[in-house]
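Take a look at the letters that make up each chain.
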Amino acid sequence: MTSPEVVFAGTNGGALTTFEDYEAVGGFTALRRARAMSPDDVIEELKTSGLRGRGGAFFPTGLKWSFVPKPDVVAKPHYLVVNADESEPGTFKDREIMLRVPFRFLEGCLIAAHAIDARHVFVYIRGEYEREFETLVDALGQIRERDLLGDVTIVIHRGAGAYICGEETALLESLEGKRGQPRTKPPFPAIAGLYASPTAVNNVESITTVPPIIELGGAGYAELGVENSTGTRVFSLSGNVANGGNYELPHGFPLRDLIFDVGGGIPGGRSLKAVIPGGSSTPILTATEVERATLDFDSLTSLGTAIGSAAVIVLDDRCCMVQLGVRVSQFYEHESCGKCTPCRVGTRWLTQILQKIEEGNGTQGDLDLLLDVAERINGKCLCPLGDSDAIVVASYVDKFRDEFQAHIDEGGCPLAGSSSLEGILAPVEMHERLVHAHGLGRIHTHLEVLT
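Caption draft 1: The arrangement of the nonpolar core in detail. Counting 58 residues, the largest nonpolar core has Trp65, Leu80, Phe105, Cys109, Val123 and Ile154 as the members making the most contacts within it. The biggest single contributor to this core is helix 6 (residues 102–115), with 9 residues. With near-sequence residues (within four places) excluded, Cys109 lies in contact with Leu80, Val82, Val121, Val123, Ile154 and Ile207.

Below is the structure:
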């Protein structure tokens, strides 16, 4: 299955970082065309294209924009907010998009602003993305020099490094200068988003796909990919695979072909054990399930998982599934904002039980308790963070229960230190070991009570 590049069109494996280079491959043609259309007509093209959000939720983009009320209905400023935080483990596509096609991304911002009658665009970029930030600032300056912004202002805002700010309402809170914590919904951002005004929140890849849709036409774009999952997707391939990297492929591409043909297979002659198909927050697939999986919404949903952020993490036969559970749960425990109890307390419980099992001190009751805690978290949190920890840990137990049982029966890890995850630690664990190794003291602060 082949498809023309859409997001990276015209790059020929390189980057388009000057205005002249981008204009030479048809850049800003879509912007001029879109501005000659009414906002409603632009939204209809997006609906016809079938474009769904590339950040993880996979919600139809055109439909999302249509929820934003017209200025004559809600007489407040309208905002476009772009999530460029990209903190999902295994995901690294947005940073490459911003580095290689910054003008296409910014052109998409201007088209989207026109579609929802917004005059203000905020790009919330991950603080660690220094090169990406500088690339966008440079490209924005070149666009401004050519008077293409019109009456739109684009602000590139650097985040402070919190996974929770990938959740759209927590992102909005952070933009307003508050602590990044999810809001209770409703109201939804389309009605009361940034500064309690109508707001559309979209992912970098979603926005970058908008100019090609206007160029191809919605119907033309819909011919790419498969039903319910149109167009192409930039897949971030990592883990135990020979050729990791970002690959733009059509939806519906066989998962096995991505790993063994595009990705070059598993190094060292090892065999495939499992795959996380859409970033760390998506349930795992066994090697048998991989054989019949295609990279699209319907196929992965039928297998009990999701395409998520399209981050495909490959695990070979040496991977200890209990260690994987520990690493993932440590991440979500550390990144929990603490606002809701099921997430704040539950993620810590999951981590502690998994560590107990991995260390060889687990009992049969601990395995049952692990699943019970996961069930009590799932569906009871303000945002998907706690749910993600519970769902993925439960999927590891469901698909590889014998391995968890072996840890209990044998009083330790059957892989006896040979797991491919040995030495690969969650950031919080790396920090803890660094503190211990260098004898660094912890910083203790007393709670202040404000009256």
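Caption draft 2: Seen up close, the sheet that holds strand 11 (residues 311–316). Spatial strand order, 8-7-11-9-10: 5 strands in an open sheet with mixed pairing. Strand pairing shows two members of the sheet lacking a second neighbour, strand 8 (245–250) and strand 10 (285–286), which therefore form its edges. One ladder, built from 2 bridges, connects strand 9 (residues 272–276) with strand 10; its direction is antiparallel. Each bridged residue has a counterpart across the sheet, and for Val275 the counterpart in strand 10 is Leu285.

Caption draft 3: Representation of the sheet that holds strand 3 (residues 153–158) in the model. Taken together, the 4 strands give an open sheet; going across it, the order is 3-2-1-4, and neighbouring strands pair in parallel fashion. Strands with a single pairing partner mark the edges of an open sheet, and in this sheet they are strand 3 and strand 4 (199–203). For this sheet, the mean inter-axis angle between neighbouring strands, taken without regard to orientation, is 20 degrees. Where strand 1 (residues 79–84) and strand 4 come together, 5 bridges link them in parallel fashion. Bridged to Leu80 within strand 4 is Ala200. In the packing of helix 7 (residues 130–145) onto the sheet, the strands contacted are strand 2 (120–125) and strand 3, and the crossing angle to strand 3 comes to about 165 degrees.

Caption draft 4: Looking closely at empty space enclosed by the protein. Within this structure, the stated rule accounts for 1 cavity of 30 Å³ or more. Put simply, the largest cavity is a space of about 50 Å³. Every residue along the wall of the largest cavity is listed here: Ile164, Pro182, Ser336, Cys337, Gly338, Lys339, Cys340, Cys343, Leu382, Cys383 and Leu385. Looking at the lining of the largest cavity residue by residue, the classes come out as 8 nonpolar, 2 polar and 1 charged.

Caption draft 5: Just the pairing of strand 7 (residues 232–239), in detail. Buried residues dominate strand 7, accounting for 7 of its 8 residues. Across 6 bridges, strand 7 lies against strand 8 in antiparallel orientation. Looking at the pairing, Thr232 lines up with Pro250 of strand 8. In sequence, strand 7 turns back onto strand 8 through a hairpin of 5 residues. Where strand 7 and strand 11 come together, 4 bridges link them in parallel fashion. Note that in strand 11 the partner of Leu237 across the bridge is Val312.

Caption draft 6: Structural detail: the packing of helix 15 (residues 321–335) against helix 16 (residues 341–358). Two elements in contact, helix 15 and helix 16, have axes whose closest approach is 9 Å; the angle formed by their N-to-C orientations is 155 degrees. As the angle between them shows, helix 15 and helix 16 are arranged roughly antiparallel. Judged by the twist between their axes, the crossing of helix 15 over helix 16 is left-handed. Between helix 15 and helix 16, the contacting residues are Val322, Gln323, Gly325, Val326, Ser329, Gln330, Tyr332 and Glu333 on the first element and Thr347, Arg348, Leu350, Thr351, Leu354, Gln355, Ile357 and Glu358 on the second. Here the contact of helix 15 with helix 16 is built from residues that sort into 6 nonpolar, 7 polar and 3 charged.

Caption draft 7: Seen up close, the environment of Leu272. Note on placement: Leu272 falls in strand 9. As for Leu272 and Phe260, which are separated by 12 residues in sequence, their C-alpha atoms are 10.0 Å apart. If we skip the residues at most four places from it in the chain, Leu272 touches Phe260, Ile266, Ala287, Val290, Val314 and Leu315.

Caption draft 8: Highlighting the state of the cysteines. What the rule picks out here adds up to 0 disulfides. Unpaired in this structure, Cys109 has its nearest cysteine sulfur neighbour in Cys165, at a distance of 19 Å. Take Cys343: it sits in no disulfide, and the sulfur closest to it among the cysteines is that of Cys340, at 5.1 Å. With relative accessibility at 5%, the residue Cys343 sits in the buried group.

The rules behind each value
- Residues numbered from 1 in each chain as written.
- Predicted model: local features only at pLDDT ≥ 70, side-chain atom pairs only at ≥ 80, totals over all residues.
- Heavy atoms only, no water.
- Core = buried A, V, L, I, M, F, W, Y, C linked by side-chain atoms within 4.5 Å.
- Buried < 20%, exposed > 50% of the residue type's maximum accessible area, 1.4 Å probe, protein only.
- Helix = DSSP H or I, 4+ residues; strand = E, 2+ residues; numbered from the N terminus.
- Contact = heavy atoms within 4.5 Å.
- Pairing = 2+ DSSP bridges.
- Axes fitted to C-alpha atoms, helices over the stretch in contact; angles between N-to-C directions.
- 1 Å grid on protein atoms, 1.4 Å probe; cavity = no way out; pocket = protein on both sides within 12 Å on 5 of 7 lines; lining within 4 Å.
- Points joined across faces, edges and corners; volume = space filled by probe spheres on them.
- Nonpolar A, V, L, I, M, F, W, Y, C, P; charged D, E, K, R; others polar.
- Parallel < 35°, antiparallel > 145°, perpendicular 65-115°, else oblique.
- Left-handed = near helix turned anticlockwise from the far one by under 90°.
- Disulfide = S-S within 2.5 Å.

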